Amino acid sequence: MHEPGEYSISESFQQQHSVNTYVPHLARMPRHGHDPGNVQGRRGYPCHACGRSVKNKSGLTQHLKKCPVLVEERLRSAREPSSGSSDGEQEDPPGFNGYDDAGHPPEEDNNDRMNLDGDGEGGGGGGGGAGEGEGPDDVPLRLAGDRRYVRRYYHKAMTALPCDEDGNFLPEDAQPVPDDRPQDNWSPFRNRIEFEFADLIFRRNQMPKSQINDLLKIWAASMVRAVAQAEDAEADFTPFGNVDSMLATIDSIQLGDAPWESFVCTPVDQGPDAPAWTKQVYEVWFRNVDRMADNMIANPDFKNEFDLVPYREFDEHGVLRLCDFFSGGWAWEQADKICEDERNIGSMFVPLILGNDKTTVSVATGQNEFYPVYMSIGNVRNNVRRAHRNAITVVAFLAIPKTTQEHQNSVAFRDFRRQITHSSFSVILGTSKLAMETYKVRKCFDKHFRRIIHGVGPIICDYPDQAVHACIIQGWCPLCLSSAKNLDTPSLRRTQRHRNAVIDAFGQQHDKKLREDYGIVASLVPFTNDFPRADIHELISSDLLHQVIKGTFKDHLVTWVGEFLVKKHGKTVALKYVDDIDRRIAAVPPFSNLRRFPQGRGFKQWTGDDSKALMKVYLPAIQGHVPAQMVRAIRHFLDFCYLARRNVLDQPSLDAMDSSLRAFHADRKIFITEGVRKDPISLPRQHSLVHYTDNIRKFGAPNGTCTSITESQHIVAVKETWRRSNRFNALSQMLISNQRLSKLAAAKVDFIGRGMMQGTVLDAAYDDVEETPDGQRLERHVDIDDNTGREDGGIIEGPHVDGEVTLATNRHQTFVVKGYPRRTDDLARHEQVQWPEFPAELDRFVYDILHPNEAIDSEDEVDEDIRIPHVQSNINIVASATAVFYAPSDICGVGGMRKEIIRVTPSWRGGAARHDCVFVQTDRNTPGFRGLDVARIKVLFSFKHDGRDFSCALVHWFKRVADSPDSDTGMWVVQLEYYREGPVLRNREQPERPQQSIISVDTIVRAAHLIPVYGSEFIPHDVNLSNVLTRFNKYYVNKYADHHSYEIVF
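Remember, it's a predicted structure, so these values are computed and weren't measured experimentally.

**Student:** Which parts of the structure should I look at to understand the overall build of the protein?
**Tutor:** For the protein, the count of helices and strands is 28 helices and 33 strands. For the protein, buried positions account for 54% of its 1050 residues. The long-range share in the protein, meaning contacts at least 24 apart out of those at least 6 apart in sequence, stands at 70%. A total accessible area of about 46,200 Å² is found for the protein, and carbon and sulfur atoms account for 48% of it.

Below, the structure written as structure tokens:
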């Protein structure tokens, strides 16, 4: 028997392939991180290493640079090999033969480290690691074991070996056939300008046809004078003559072409008196999913984000890690089954992931409803699927049967509506059925040919569609046999084999018993019956959006809190509490990527983004107005949610999810005791949470198979194409638009892959024409990024890089905020600073930076032979800084990178001042919030001294109220730190002074979000987001602000 958290490697599994892998951390500590100890009294800031106490945090920061104990420790750490290294520690299993990510033997088994963030080739190939040239101070912020060495075991038989066009395997060193097309071949476009214009106007902007013609006419008219000046009457300065010319060119693109086809579904004739719906013909439009999958397999844009071989990944302790789809157990088991046929050994498994979700494009009429089906492939990693980089596409529009109110809820109509979905899926997937049993040969992203075996993958959909696919009655679970009356009672998992056995035992004549006792609709035939290795009950994936975010949180818990307030206070008084909760939510400080609710939550149509935003700020808003047990119930649910939305989950993460779920189930009983819910609570979406850890083990992290991915595609595939249509027979126009979008996307990927789109189209034009007709030199346009926009952050495309914080600059200068004095003495008296010691502290700061081995503390007596520099240069006050960090669980680029803007400005958006709070790294050896401090930035500034640039921040520190997080909310509580200096005179204490310091911006980790501890009283009406950080005594450190905050503030 194995202890929890361990993973047993079976004898057959020991024969699989392995490679040592280095997994990057979630965040990096700044390059000048320091380790101050805990605050001990008014003047006591002791060094945890040598025990010496200094006056303030700034002095402690500087002392830690020269502390002899820490210096020796750093030197010793630099000399000794890393304790996390697996070199020589983990022996290969018996019979092991190391393979690389593509399943090929490496040249030598040297325990290569590998970067899993997509920097390498193929399946996540080489590169990355602990960082060459990394000094002892340049160490990562350790987050719950996220930086560790891991070992991957690749499937031995399903190895995705390269082959030729006939399916014959190639030698190890065989190179793909080179692409000999010239780099100036933009066919079917004449040049890059034509392509980029069509791509911008049709795909990215989705401009209507009439407006495209108007734009082209304006463009042509503006060039009349240029033509005359060029003395070339034949010159053509517009990319297309009219919109029809542009559309004809797009239609002639061969790449990504998959024409739309259709079939019809007709109910069985039930006689002349049958309802009208039985006499209608239902048309379904679809594209060849086999061809669409081929387009994805051949997409060179996926080169570094594509898994060729199923794998299992373990850390240095043998704990299983789950991330992308191919890390789950289901892909491995499918590979085992496929390779039972020896002809399939060496092939590549490509599962087809499908998702369906109804959407309405016109809320006003309510009649423009569409039912799209989307497809992706399991090989593409979750970060690409979430970023919507052509990794998911619309492949069908299902029919939506309608009938009169009389028959709307009839069993016959409901069953027909369900069966038409199954029949449609069977036809749609039929084009790929042959490749599910016998391999086909296709060109892949790396230009190699491989044998391809398809399979029906997970189904992404909301609960009503899950019930349709599973052929069960709504209210039952599609994954287990628990009764609809008490879903959380443990039971066996559903399987297709069990379903067939029950139907065979009772017969369809006992349809009522099957429905009432098992929730089975026996008259329906699942579409998976038509395909090999497919069991619909194994393919229902978890849905974070509808089950967790919108379902359990918004529709259940938030609603129940409102019902509790009504039961306790009555409807009239309850509305006052609801208004106060709304004011609390509206008053939270601004933060990167945080959606605001300035008018409260009183709007009718909630989106998933609205629910996610409310989740981030809801807990502090209700604290004090509801019982502590109710707060704890929601806190445990939030913990479960944030764990489930991680990019990488291991056994400890799954254990924590189970623990949080048990605590949630225990504390949610408060809703029963308060009369809000009846016992037992039996809700399908809440019940689905008990299956999350099992589904994660099967399919990897659930953020890669979530309906938020398909719902976001509604905008491109349905809503924008509908708006582009003339509304008459809109679907036919939408189909053509989607086909053109696919062609343009494929053409762009091809041009990029051939190196034809380096730089901007304007850069290319400058390269082609370096001079004007009169012989003058053309001046290139230079873009700048000054952080003065209205956005507070966003994604960063590209690979994973080290995190950093930099002041707002363009390519030439620092952006200076006007209205501040530029001399240190004058700045010390400014109302935002008001610190007479500022010049002296700045001088000491510079000395400590220039003499890291001879740094002096603020209270040290300075020897006569020590010459402290005097900063005489101008001080440049800046309004913002940019923090870049690795946050793969948040909305980010494919490399997992995000950026946020830290604002420090006297007027934000024309209103009051804004001074953001930040996390400062203060103890790299202590994990979580105990190794961080929170400060509010008073001023961001830069200056030069002796030719060296300094980027600094003047901060006011917060201190922890307790040594552990709050027991109800699970969040740390802090308050602004002050001190009194000097003796008590005439029984009167000296006034409090803020505890502030000058710090280097590279000690800042990122922005911090604080929310007041509101208490049980109603907040004043004049509290708003501008003054909230000065109106309350204590503040929660909001770990739910985003997933990166949740990972570091524990």
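So, next bit.
**Student:** What am I meant to see in the packing of aromatic side chains here?
**Tutor:** Any two aromatic rings considered together are summarised by their centre-to-centre distance and by the angle between their planes. Enumeration according to the criterion identifies 39 aromatic pairs in this entry. In textbook terms, an aromatic cluster arises when at least three aromatic residues are bridged by ring pairs, as seen for Phe 325, Phe 326, Trp 330, Phe 349 and Phe 699. Positioned above the aromatic ring of Phe 169 is the side chain of Arg 451, whose terminal nitrogen or guanidinium carbon lies 4.1 Å from the ring centre. Its end group placed over the ring of Phe 202, Arg 724 keeps NZ or CZ at 3.7 Å from the ring centre.

**Student:** Would you explain the pattern of salt bridges in this entry?
**Tutor:** A side chain of one charge can pair with a side chain of the opposite charge if their charged atoms are brought near each other. Under the definition given, this model contains 43 salt bridges. Here Arg 181 ties to Asp 179 by a salt bridge, and the two come within 2.7 Å at their closest N and O atoms. Given the relative accessible area of 35%, Arg 181 is considered partly exposed. Ionic pairing is found between Arg 993 and Glu 837, a salt bridge with its closest N-O pair at 2.9 Å. Here the residue Arg 993 occupies a position in strand S29 (residues 993-994), and Glu 837 occupies one in the loop between helix H25 (824-828) and helix H26 (838-850), the gap between them amounting to 156 residues. It is possible to trace a salt-bridge network through shared partners that takes in Asp 179, Arg 181, Asp 750 and Arg 754.

**Student:** Could you clarify how one ought to interpret the environment of Lys 748 in this entry?
**Tutor:** The topology assignment puts Lys 748 in helix H23 (residues 730-753). With sequence-adjacent residues up to four places away left out, Lys 748 is seen in contact with Phe 195, Asp 199, Arg 203 and Met 757.

**Student:** Help me understand the packing of helix H3 (residues 192-204) against helix H6 (residues 243-251), please; the structure alone is not making it clear to me.
**Tutor:** Relative placement of two packed helices is described by the angle separating their axes and the distance separating the axes. Between H3 and H6, whose axes approach to 11 Å, the crossing angle comes to 100°. As far as their axial angle goes, H6 and H3 are roughly perpendicular. Touching Phe 197, Ala 198 and Phe 202 of H3 are Met 246, Leu 247 and Ile 250, all from H6. Across the contact of H3 with H6, the residue classes tally to 6 nonpolar, no polar and no charged.

**Student:** In this structure, what is going on with a negative patch on the surface? I would like to understand it.
**Tutor:** Taken together, the side chains of Glu 333, Asp 336, Glu 340 and Glu 538 make up a negatively charged region of the molecular surface. Looking at the element boundaries, Glu 333 is found in helix H8 (residues 329-338). Using a relative accessible area of 43% as the deciding quantity, one classes Glu 333 as partly exposed.

**Student:** Would you mind showing me how to read helix H11 (residues 463-470) here?
**Tutor:** Because an α-helix completes one turn every 3.6 residues, residues spaced three or four positions apart along the sequence face the same direction. The buried count for H11 comes to 7 of 8 residues, which makes it a mostly enclosed element. Buried within H11 we find Tyr 463, Asp 465, Gln 466, Ala 467, Val 468, His 469 and Ala 470. Positive backbone phi, approximately 60°, marks Cys 471, located one or two places after H11.

**Student:** Would you take a moment to explain the packing of H3 against H23 for this structure?
**Tutor:** H23 packs onto H3 with a crossing angle of 140° between their chain directions and a minimal axis gap of 10 Å. As the angle between them shows, H3 and H23 are arranged oblique. The handedness of the crossing between H3 and H23 is left-handed. Residues Phe 195, Ala 198, Asp 199, Phe 202 and Arg 203 of H3 lie in contact with H23, whose contacting residues are Ser 737, Arg 740, Leu 741, Leu 744, Ala 745, Ala 747, Lys 748 and Phe 751. Within the contact of H3 with H23, the residues separate by chemical class into 8 nonpolar, 1 polar and 4 charged.

**Student:** Please explain the confidence of the model for the protein as it appears in this structure.
**Tutor:** Parts of the prediction with low pLDDT should not have their coordinates interpreted in detail. Mean pLDDT for the protein: 80, with 76% of residues reaching 70 or above. Every residue in residues 74-148 scores below 50 in pLDDT, and together they form 171 contacts with partners more than four places removed in sequence or on other chains. A low-confidence stretch, residues 771-778 (pLDDT under 50), is modelled with 9 contacts involving residues beyond four sequence positions or located in other chains.

**Student:** What is the right way to read unusual backbone geometry from this model?
**Tutor:** If a residue is not glycine, its phi is most likely negative; likewise, a peptide bond is most likely trans. Backbone torsion omega between Ser 187 and Pro 188 reads 5°, so that peptide bond is classified as cis. Relative to the helices and strands, Pro 188 resides in the loop between strand S5 (162-163) and H3. Even without glycine at this site, Cys 471 takes up a positive phi of about 60°. With respect to the helices and strands, Cys 471 occurs in the loop between H11 and helix H12 (496-506). Here Arg 727, not a glycine, exhibits a phi torsion of approximately 75°, which is positive.

**Student:** Please clarify how the pairing of strand S7 (residues 282-287) should be interpreted in this entry.
**Tutor:** Remember that side chains alternate between the two faces of the sheet whenever the strand is regular. Of the strand pairs in this sheet, strand S6 (residues 260-265) and S7 are connected by 6 bridges, and their pairing is antiparallel. Bridge pairing in S7 links Glu 261 to Phe 286. Examined bridge by bridge, S7 and strand S14 (residues 393-397) share 2 bridges and lie antiparallel to one another. Pairing of Trp 285 across the sheet is with Phe 397, part of S14.

**Student:** Mind showing me how you'd approach the environment of Thr 238 here?
**Tutor:** Of note, Thr 238 is situated in the loop between helix H5 (224-230) and H6. C-alpha separation for the pair Thr 238 and Glu 194, spaced 44 residues apart in sequence, amounts to 8.4 Å.

Definitions and limits used
- Residues numbered from 1 in each chain as written.
- Predicted model: local features only at pLDDT ≥ 70, side-chain atom pairs only at ≥ 80, totals over all residues.
- Heavy atoms only, no water.
- Helix = DSSP H or I, 4+ residues; strand = E, 2+ residues; numbered from the N terminus.
- Buried < 20%, exposed > 50% of the residue type's maximum accessible area, 1.4 Å probe, protein only.
- Contact = heavy atoms within 4.5 Å.
- Areas by Shrake-Rupley, 256 points an atom, 1.4 Å probe, with all protein chains shown as cover.
- Phe/Tyr/Trp six-rings, centres within 6.5 Å; stacked < 30°, edge-to-face > 60°.
- Lys NZ or Arg CZ within 6 Å of the ring centre and 35° of its normal.
- Salt bridge = Lys/Arg side-chain N within 4 Å of Asp/Glu carboxyl O.
- Axes fitted to C-alpha atoms, helices over the stretch in contact; angles between N-to-C directions.
- Parallel < 35°, antiparallel > 145°, perpendicular 65-115°, else oblique.
- Nonpolar A, V, L, I, M, F, W, Y, C, P; charged D, E, K, R; others polar.
- Patch = residues over 30% accessible without salt bridge, like charges linked within 9 Å, V, L, I, M, F, W, Y side chains within 5 Å.
- Lys, Arg positive; Asp, Glu negative; His and termini not counted.
- Charge placed at Lys NZ, Arg CZ, Asp CG, Glu CD.
- Left-handed = near helix turned anticlockwise from the far one by under 90°.
- pLDDT = per-residue confidence, 0-100.
- Pairing = 2+ DSSP bridges.

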